[in-house]
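Notes for the structure review
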Amino acid sequence: MIESESTARIGQVVQILSGTECGSYSIVVQQLDERFVLIADGDKRRFDRPKRKNIRHLRLCDHVSPEVHNSMMETGRVTNGKLRHAVSKFVEEISEKKGDAFNGKR
């Protein structure tokens, strides 16, 4: 997983580094200013009640979900199903990459 050095983008996957949801993944649904974003995962954090987070408390992953990004740009909304799918797809890709590194052997 490569960290992005730029500011967060809509549809970008982030890992939460502090708070009660530490270690979990979410998606940026709105940029409030240079310090704060709104994040949602479609499960615990629904689109209609996103969490306001400081960017310093997030690890910006180098992956932007095209489905979420396009939906937000076209309609200004995204379904919770799309958010859940994007997060699960990203977590699945990460686990496959970690699995390939070990090749099933330790």
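Residues numbered from 1 in each chain as written. Predicted model: local features only at pLDDT ≥ 70, side-chain atom pairs only at ≥ 80, totals over all residues. Heavy atoms only, no water.

Comments concerning the sheet that holds strand β3 (residues 36-40)
For the record, the criterion: Note on pairing: two strands pair once DSSP finds at least 2 bridges between them. To qualify as a helix, a DSSP run of H or I must reach at least 4 residues; to qualify as a strand, a run of E must reach at least 2; elements of each kind are numbered from the N terminus. Lines fitted to the C-alpha atoms define the axes, with helices restricted to the stretch that makes contact. Angles between their N-to-C directions range from 0 to 180 degrees.
Pairing in this open sheet of five strands is antiparallel, and the strands run β4-β3-β2-β1-β5 from one edge to the other. Strand pairing shows two members of the sheet lacking a second neighbour, β4 (51-54) and β5 (58-64), which therefore form its edges. Sheet twist, expressed as the average angle between the axes of neighbouring strands with direction ignored, equals 45°.

Observations regarding the pattern of salt bridges
We count it as follows: The working definition used for a salt bridge is a side-chain nitrogen of Lys or Arg within 4 Å of a carboxyl oxygen of Asp or Glu.
Evaluation of the coordinates by the stated rule reveals one salt bridge. Here arginine 45 ties to glutamate 21 by a salt bridge, and the two come within 4.0 Å at their closest N and O atoms. Linking arginine 45 in the loop between β3 and β4 with glutamate 21 in the loop between β1 (12-16) and β2 (25-31), this pair joins segments that are 24 residues apart in sequence.

Quick look at the environment of isoleucine 27
Heads up, the rule is: Using a 1.4 Å probe on the protein chains alone, a residue whose accessible area is under 20% of its type maximum counts as buried, one over 50% counts as exposed, and one in between counts as partly exposed. Contacts are residue-level and defined by heavy atoms, with any inter-residue pair within 4.5 Å sufficient.
With respect to the helices, strands and loops of the structure, isoleucine 27 is situated in strand β2. You can call isoleucine 27 buried: its relative accessible area is 0%. As a C-alpha pair, isoleucine 27 and aspartate 41 span 14 residues in sequence and 6.0 Å in three-dimensional space. Beyond its immediate sequence surroundings of up to four residues, isoleucine 27 is in contact with Gly11, Gln12, Val13, Leu38, Ile39, Ala40, Val68, Leu83, Ala86 and Val87.

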